[in-house]
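These are the residues of each chain, in order.
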Amino acid sequence: MDVSFQLYSARDFTPWDGVLSRLAGLGYTQVEGFGGNYEDPAAFRALLDANGLTMPSGHFFPMEQFETDLPKVIDTARTLGMERLFVPAVPPEQRVPDAAMWQDIATRLESIGAKVRDAGLRFGWHNHHFEFVACADGRLPMDILLETAPSIEWEADIAWIVRGGQDPIDWIGRHASRITTAHVKDIAPEGECTDEDGWADVGQGTMDWKAIMAALRGAGVDLFVMEHDKPSDVDRFAARSIEAFRTF
């Protein structure tokens, strides 16, 4: 199965032509974009094409650009060949368990999603851990998002679900119809990889990825994106992770 690579993982290891060449050499066929790749979409598309890579998905932050400059977002996505567009987060000041705020965010996401789909593309949300901290009324922000924005897709970042204190298998089972894409990353054993914010190369950490992959495939997920939020060596991470992924 083909696996994608979130280019945010390589943001400290540019230039991009070298990154893309090494990823292709390791057997990656797809990448997921982020804001650092969108300055000159046509030029970046040329780099992708030269390395035999496609970019089926991308992150767009902040969310407001979908509301203030949607034509530019759509043009960027089309130029790079994307099909799925995801909002990856909210600003730090909004990463709090405020039910009314999350209700408003979800309402806006639902409206944005309709416009993105009208343009022939797909739209969804990518989670972190802060969506799993209960609000004063007991609801989780992730539940509010899924209930209030029923038409958007969910790109499930499985390791962040775990860091949010939740059981990923349970969430996958309950929301299988919403999860279309998944981030594949790993959590280091307690006290290890502190220079990498406690993340590990895929297959080297504490996550039961064989069981998780079985659940995700059972849910119909068809796009898997390798990610490490702070690798000290991106080549090591990319190589070890795709090797491990092939065994799941």
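Above this text is the structure in question.
Calculation criteria
- Residues numbered from 1 in each chain as written.
- Predicted model: local features only at pLDDT ≥ 70, side-chain atom pairs only at ≥ 80, totals over all residues.
- Heavy atoms only, no water.
- Helix = DSSP H or I, 4+ residues; strand = E, 2+ residues; numbered from the N terminus.
- Polar contact = N/O pair within 3.5 Å; in protein donor to acceptor, adjacent residues only side chain to side chain.
- Contact = heavy atoms within 4.5 Å.
- Buried < 20%, exposed > 50% of the residue type's maximum accessible area, 1.4 Å probe, protein only.
- Pairing = 2+ DSSP bridges.
- Axes fitted to C-alpha atoms, helices over the stretch in contact; angles between N-to-C directions.

## A short note on the side chain of Asp-229
Then comes step 1: In this fold, Asp-229 is placed in the loop between strand E10 (223–226) and helix H10 (234–245).
Then comes step 2: Reaching out from Asp-229, the side chain makes a polar contact with the side chain of Trp-160 at a distance of 3.5 Å.
Then comes step 3: Beyond its immediate sequence surroundings of up to four residues, Asp-229 is in contact with Tyr-8, Arg-11, Trp-160, Lys-185 and Trp-199.

## Some thoughts on the environment of Pro-41
Then comes step 1: Locating Pro-41 in the fold gives a position in helix H2 (residues 41–50).
Then comes step 2: Classification of Pro-41 by relative accessible area gives buried; the value is 15%.
Then comes step 3: For the pair Pro-41 and Ala-77, spaced 36 residues apart in sequence, the C-alpha to C-alpha distance is 8.3 Å.
Then comes step 4: Here Pro-41 is in contact with Thr-76, Thr-79 and Leu-80, once residues within four sequence places are set aside.

## Things to note about the pairing of strand E7 (residues 179–184)
Side-chain direction in a regular strand flips from residue to residue, so the side chains alternate between the two faces of the sheet.
Then comes step 1: Within E7, six of the six residues are buried, which leaves it mostly tucked inside the rest of the structure.
Then comes step 2: By the bridge criterion, four bridges tie strand E6 (residues 153–157) to E7 in an arrangement that is parallel. Paired with Ala-156 across the bridge in E7 is Ala-182.
Then comes step 3: With four bridges joining them, E7 and E10 adopt parallel strand pairing. Bridging across to E10, Val-184 finds its partner in Met-226.

## Things to note about the sheet that holds strand E1 (residues 4–5)
Strand pairing within a sheet occurs via backbone hydrogen bonds; the two strands may be parallel or antiparallel.
Then comes step 1: Strand order in this open sheet of eight strands is E1-E10-E7-E6-E5-E4-E3-E2, and the pairing throughout is parallel. Of all the strands in the sheet, just E1 and strand E2 (30–33) have a single pairing partner and so form its edges.
Then comes step 2: In the packing of H10 onto the sheet, the strands contacted are E1, E7 and E10, and the crossing angle to E10 comes to about 145°.

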